[in-house]
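The lines below spell out each chain.
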Amino acid sequence: MASVFLLLSLTGSLLHSSRAQSETIPSPSLPDGQFRERLSFRDLQMDNNLDMGPDSADQTFLVGVSPDKIVTKARLHLFYRLHSSFFQKSGDTLAVDWNGVPLGEIAAVSGGPKEDLGMSLPIPGNLVNTRNILRLRVVRDPKNPCALFGSAPFVTVLRRSSLHLEGRRFDVPPRLSDLPFPFLYPEAAGLRRVPFVLTTSAPHALEAAGIIASWLGVRAPYLPFHFPVTLLPGVLSLPSLPRGHIILLSLDRDLPPGWIPPSARGPFLRILPNPGDPFSRVLLIAGQTPEDLRIAALALSQNRFSGAGDRLSPPNLALSPSRKPDDAPRWQVAGSALRFGFLEAPSSLEVHGTGSVKVHFSLPPDIFTWNHTWIRARIHLRVRTLKRENRSKLDVFLNDRYQESISLPSSESGVLEQTVTLPLAVSDLTPFRNKLAFNFNFRNSYPSVISCSMDQNPRLGGAILPDSALDLRPFSRYTILPDLKLFPNGGYPFTRYADLSRTGFVLPETPGPADIALFLHMMATFGAQTGLSGTGVKVSGPKDIAPVQNRNLILLGTYRSNPLLLRLTRSLPHVSKDNLERLKDKNLLLEVLRWKNPPPAHFGPSDLVEEFQRARNPFGVLLETVSPYAPRRVTLSVIGVSQKSLFAMDNILFNPRHFSGIFGDVTVVEPDHLSSFFLPAASFALGSTGPIEETRYWFASHPVAIVSSILLLAAGTGLSLRTVLGEKAQHPPDGPENNKENLPE
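Residues numbered from 1 in each chain as written. Predicted model: local features only at pLDDT ≥ 70, side-chain atom pairs only at ≥ 80, totals over all residues. Heavy atoms only, no water.

As a further point, take helix 6 (residues 513-530). End to end, helix 6 covers 26 Å across 18 residues, agreeing with the expected 26 Å (1.5 Å per residue, within 8%). By the criterion of burial, helix 6 is predominantly enclosed, with 17 of the 18 residues buried. Gly531, located one to two residues past helix 6, shows a positive phi value of around 80°. (Helix = DSSP H or I, 4+ residues; strand = E, 2+ residues; numbered from the N terminus. Expected span 1.5 Å × (residues − 1). Buried < 20%, exposed > 50% of the residue type's maximum accessible area, 1.4 Å probe, protein only.)

This part covers the packing of helix 3 (residues 203-219) against helix 6. The contact between helix 3 and helix 6 brings their axes to 7 Å, and the two run at 40°. It follows from the interaxial angle that helix 3 and helix 6 lie oblique. For the pair helix 3 and helix 6, the crossing hand works out as right-handed. Here helix 3 contributes Leu206, Ala209, Gly210, Ile211, Ala213, Ser214, Gly217 and Val218 to the contact with helix 6, which in turn contributes Ile516, Phe519, Leu520, Met523, Ala524, Gly527 and Ala528. Of the residues assigned to the contact of helix 3 with helix 6, the class counts are eleven nonpolar, four polar and no charged. (Axes fitted to C-alpha atoms, helices over the stretch in contact; angles between N-to-C directions. Parallel < 35°, antiparallel > 145°, perpendicular 65-115°, else oblique. Left-handed = near helix turned anticlockwise from the far one by under 90°. Contact = heavy atoms within 4.5 Å. Nonpolar A, V, L, I, M, F, W, Y, C, P; charged D, E, K, R; others polar.)

Along its twelve residues, helix 4 (residues 290-301) runs 17 Å from first to last C-alpha, staying within 8% of the 16 Å computed at 1.5 Å per residue. In terms of burial, helix 4 is a largely internal element, ten of the twelve residues being buried. Residues Asp292, Leu293, Arg294, Ile295, Ala296, Ala297, Leu298, Ala299, Leu300 and Ser301 constitute the buried set of helix 4. Where helix 4 is buried, its residues touch helix 3, strand 15 (246-251), strand 16 (268-274) and strand 17 (277-287). Looking one or two places after helix 4, you find Asn303, whose phi comes out positive at around 55°.

Turning our attention to the nonpolar core. Inside soluble globular proteins, nonpolar side chains tend to come together where they are buried. One finds Phe196, Ile247, Phe505 and Val638 to be the most contacted residues of the largest nonpolar core, which totals 76 residues. Per-element tally for this core: the top contributor is helix 6, with ten residues. Every residue in contact with Ile247, bar those within four places of it in the chain, is listed here: Phe183, Val194, Pro195, Phe196, Val197, Ile212, Leu216, Leu283 and Ile285. (Core = buried A, V, L, I, M, F, W, Y, C linked by side-chain atoms within 4.5 Å.)

Shown next, in the form of structure tokens:
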């Protein structure tokens, strides 16, 4: 097995220079105080092309702009594809609105071939504020609102459409109480880019950086992050600081004179102007020792700066109470009812006219749904309709998969309430993040046999009331580890303790920017998933892992930079008959564990060797095994071919579009796809369920045991039957023939 992973270390020299050329080329520098930004529709959370037709609900996109930017010029570049139809009416249009102001329309066409088109729509700068709504809506032909066949989509909005913003920046007051602004504005659209600068890479300094990254993740959950890292060891050179807002972690002795007041001793936080960019700020995390940096980061994560100005010397902090397993604030508790009012603000559960209500919820990654087909949802809804709106309905979707439609009542009085219980398919759940969509469609009753326009009358509306709930009472917490699938879906088992007090990272002795950037991205993701900063995390180097060896471990780096990776992958179990039986059991687990449509799996070391022979330039691999250092712990090895490949893995591993490709024991990360494998290896159960359920699950996941039990039962039954028949043959029952000698003469 070691040769398999040595192949990975040899592919570093095969990375072509064309991969570096495919990276985004930075635009020429702008004058101080100016900015230019491009946001694709993918940045606006549109993952797929969007089909729009007469029966489509309105599509809205939130476009946030940081408050330290004033937009003077904006333009929407909309790319679309028209679908021609013999029955399509030319009067239907797709309207584009910005904050309720019409920007333009796309008209349907009759006949002719499909074609890709584009249009550029200017947006006045005075219409752009910090929170904007871009809306796409279909407007029916007012002369003929109903049609017999014309309800098919007539236009597809392509996700390569983009929004361009230009304007100027201005100074923001250096107030700690405004944090995380201006370094992070959660409402801003697109990738959250937060640069870090470190003058030391000591373990405590890295822990401080990780705590800050997880704190940012808590403040901006489920948003894409990018952490550019600049290492400036030794005395800080001001011209080397990057432009823009940055977070700087440095020891006092490495800072320029005047940055630390003479009275400051120990941990210190301050906001200063960026010397290389007068319109940007530096968040300084400083101290005399790396441990001081960690204390300052803890103060930041605990919001100890609410009354401070531009600087703070935090006192000694009391230790936070230890966390219990599985108590993350953002994880819903299995065995209870999950109320929608706990998940979303009441205002977001209402629509006016036809529209959609979305409810997002996070299940515990280890929720045990085996042998369950449905999860019950009790929906309490309120609708405002008119008597003629008796074809209105509510369509329910779970993770974009259709569940059920409910007919909405109509009344002259207008407001009605209704409670229904819906079965939602467990197979349509994902292991962590989930989305329920309730689409209110208001339709006229005339004519009753044809498709009519959806009524946009604002007097019509619907609401999912906050006391609606999902019933999680039938489910317990139980899973089999290792399981790579749980890493992107909740960070499990590393987030089992939400403060990461049972998680340790092993980075190279001299980590590179890519190692630290990947570490920071993991920490931010863990914070977003749990809702709690990772204040208990520990970082170590490969030469001395004693501080972290009793924890769940994450090893980062390349074989060259982190020799512990090679040592652990060499200890992978060999192929034996016993291990192959374990492999068969894991094959069955794909069907036993109910997540729907897993990608094709590969089994065994031979498949992994073939994958490396086929994949000429993999970025790296993920490998999760039982920890060799502590019982009931796992070790995740994130192995990159090079620093460049680690940057590429950083972009791939935390992209929700790729989550379904990570599972099993090993995942090979390639430029265009992920390939996952199951290897014969030890495993253990975590959590608990009922004894009957656990016994049934054990037999279901061990087919050899089932067959053996059946054979033993059959053999035992056969032996018993043979014994009984043998006894009867040796001692036949008394009968007339046997008793003839006893009969009287």
